Number of protein chains: 2
Amino acid sequence: MTRPKNETVSPGATVRTRPGGRSERVRIAVMDAAVNQLATHGYNALSIANVAREAGVAETTVYRRWPTPADLAGGAVAHLAQTDNPVPDTGTLEGDLRTLLSQIIKLVHRPEVERILRAAAALDGGNAMSAHARESFWRTRFTGAGRIVERAVERGELAAGTDPDAVIELLVAPAYMRLLLTNRPLDDELLDGSVRRTLKAFDAAQKSA
Amino acid sequence: MTRPKNETVSPGATVRTRPGGRSERVRIAVMDAAVNQLATHGYNALSIANVAREAGVAETTVYRRWPTPADLAGGAVAHLAQTDNPVPDTGTLEGDLRTLLSQIIKLVHRPEVERILRAAAALDGGNAMSAHARESFWRTRFTGAGRIVERAVERGELAAGTDPDAVIELLVAPAYMRLLLTNRPLDDELLDGSVRRTLKAFDAAQKSA
């Protein structure tokens, strides 16, 4: 369980928290509390004071890491997404894309997630309070999902140099557009169609699992 | 300018308003006023009373056709989209898709349009007041744009039976996702990539203009 010191401080590396360390336990407690508050009271009622109380930590502990309710909400959705939904690794690009989109469809059907997405969509990009939280949330999501594309390139299913963000965006954008704008169903037809079209759009090689 | 009577009453046909007729003049005046009110005061301040005053018509005239501010806003965006942006007919599927997406990118950069989209995204699908206006707005947009797909099928660029909604959705969804969620740029890379991927995803036949 010990991790070489240089892994946490090597230049350019993400600073990692030891699993099980106090800082990681605090992070999990705060994120669980934020998810719970969002589910119970909604985004507009989300306050750092209430989240700190429920997590059993000092308010300053929360403020230091999540300076605004937008940061808390973004962190909470990322936490929810990562906890229940490890990035799929089924052995084929088709399997991975299908599992990823299924996870997202299930996730956005959770009332607290739907609420946060709608609240985020309502704010324009120039809203400074939300811009950082939003970018960091989507950066994390796209980077995680992008591993699917990298592995497909390694297996020879996608051409070298395929842009991971473009693949993930094409896969998921119709689902978000249906949720936020057109109100069309997020059903199996969408799931099948989005996976099939994404594979074709990026010339994915046929490969059996 | 006269239109045979049976064209307006034939079974199944959409009831049409004679261009230049009084009802059409009222519609245009109300829609222009709604666009203007949205641009000046934003979606949340949109009221039937103010729109009626600016259009120079009775409030009941507005209520009868646009019972809620959501109906007015949906109508106004559709009006704006149709007035400035006839459905493209360039002779090739690629040209039509490129022109359509360019129009949409320009349109969503208008502050009043961006505001309405964000306000619409903030409301959940169960919001009865907005559901009708929303569905009718998107139905109109997709049906208009769907002509692009129908003409491509007629020219042999797309297979018979290609679902027009699916083509248009794949083309435009990444742009809306960037605008509403990820805040990534709506730039030429998006335009080129979305057109190219949509053509590939639906096996469009190469065709020179």
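Structure shown above.
Cut-off values and rules
- Residues numbered from 1 in each chain as written.
- Chains lettered and ligands numbered in written order.
- Predicted model: local features only at pLDDT ≥ 70, side-chain atom pairs only at ≥ 80, totals over all residues.
- Heavy atoms only, no water.
- Least-squares fit on C-alpha atoms with pLDDT ≥ 70 in both.
- Contact = heavy atoms within 4.5 Å.
- Buried area = accessible area lost by both parts, 1.4 Å probe.
- Salt bridge = Lys/Arg side-chain N within 4 Å of Asp/Glu carboxyl O.
- Polar contact = N/O pair within 3.5 Å; in protein donor to acceptor, adjacent residues only side chain to side chain.
- Helix = DSSP H or I, 4+ residues; strand = E, 2+ residues; numbered from the N terminus.
- Nonpolar A, V, L, I, M, F, W, Y, C, P; charged D, E, K, R; others polar.
- Axes fitted to C-alpha atoms, helices over the stretch in contact; angles between N-to-C directions.
- Parallel < 35°, antiparallel > 145°, perpendicular 65-115°, else oblique.
- Buried < 20%, exposed > 50% of the residue type's maximum accessible area, 1.4 Å probe, protein only.
- Expected span 1.5 Å × (residues − 1).

Student: Describe the relation of the copies chain A and chain B, with residues and values.
Tutor: For the pair chain A and chain B, the best superposition has an RMSD of 0.0 Å and corresponds to a rotation of 180° with a translation of 0.0 Å parallel to the axis. In the structure described here, the two chain copies are related by an operation that fits a two-fold rotation axis. Using C-alpha coordinates, one finds that chain A approaches the rotation axis most closely at Ala201(A), a distance of 2.2 Å. Comparing interface residues between copies, 100% of those in chain A also sit at the interface in chain B, which points to an isologous, same-surface contact.

Student: Now, about the interface of chain A and chain B: what can you tell me, with residues and values included?
Tutor: Counting residues at the interface gives 34 residues for chain A, matched by 34 residues for chain B. Buried surface at the junction of chain A and chain B, summed over both partners, amounts to about 3300 Å²; 60% is from carbon and sulfur atoms. At the junction of chain A and chain B, the tally comes to six salt bridges. Of the charged contacts, one joins Asp203(A) and Lys200(B) as a salt bridge, the two residues approaching to 2.3 Å between their closest N and O atoms. Across the chain A-chain B interface, the total number found is 10 residue pairs in polar contact (both at pLDDT 80 or more). Among the elements of the structure, α7 (111–122), α8 (128–154), α9 (164–182) and α10 (188–201) of chain A are those that each provide at least two residues to the side of chain A that touches chain B. No other element matches the 13 residues that α9(A) contributes to the side of chain A that touches chain B. Considered class by class, the residues forming the side of chain A that touches chain B number 19 nonpolar, three polar and 12 charged.

Student: Residue-level account of the packing of helix α2 (residues 22–41) of chain A against helix α5 (residues 69–84) of chain A, with values.
Tutor: All names here are of chain A. Between α2 and α5, whose axes approach to 9 Å, the crossing angle comes to 100°. Here α2 is positioned roughly perpendicular relative to α5, judged by the angle of their axes. Every residue of α5 that contacts α2 at Arg27, Ile28, Val30, Met31, Asp32, Ala34, Val35 and Leu38 is listed here: Leu72, Ala73, Gly75, Ala76, His79 and Leu80. Residue classes in the contact of α2 with α5 are distributed as 10 nonpolar, two polar and two charged.

Student: Could you give an account of the environment of Val30(B), naming the residues involved and the relevant values?
Tutor: All names here are of chain B. Note on placement: valine 30 falls in helix α2 (residues 22–41). Taking the C-alpha atoms as reference, valine 30 lies 33 Å from leucine 191; in sequence the two are 161 residues apart. Beyond its immediate sequence surroundings of up to four residues, valine 30 is in contact with Val51, Ala55, Val57, Val62, Trp66 and Leu72.

Student: I'd love a proper account of unusual backbone geometry, names of residues and values included.
Tutor: Residue and element names in this part refer to chain B. Unusually for a residue other than glycine, asparagine 183 sits at a positive phi of about 65°. In this structure, asparagine 183 sits in the loop between α9 (164–182) and α10 (188–201). For asparagine 183, a relative accessible area of 31% translates into the label partly exposed. Unlike most non-glycine residues, aspartate 203 shows phi in positive territory, near 55°. Residue placement: aspartate 203 occurs in the segment after α10.

Student: Kindly report on the pattern of salt bridges, identifying the contributing residues and their values.
Tutor: Evaluated as defined, the whole model comprises 28 salt bridges over all chains. Notably, a salt bridge pairs Glu157(B) with Arg155(B), separated by 2.8 Å at the nearest N-O pair. One continuous salt-bridge network, built from bridges that share partners, spans Glu169(A), Arg178(B), Arg184(B), Asp187(B) and Glu189(B).

Student: So what's going on with α2(A)? Which residues, and what values?
Tutor: All names here are of chain A. In this model, α2 (20 residues) spans 28 Å end to end at C-alpha, consistent with the 28 Å of a helix rising 1.5 Å per residue. Looking only at α2, the buried set comprises Glu24, Val26, Arg27, Val30, Met31, Ala33, Ala34, Val35, Gln37 and Leu38. Looking one or two residues beyond α2, the residue adopting positive phi is glycine 42, at roughly 90°.

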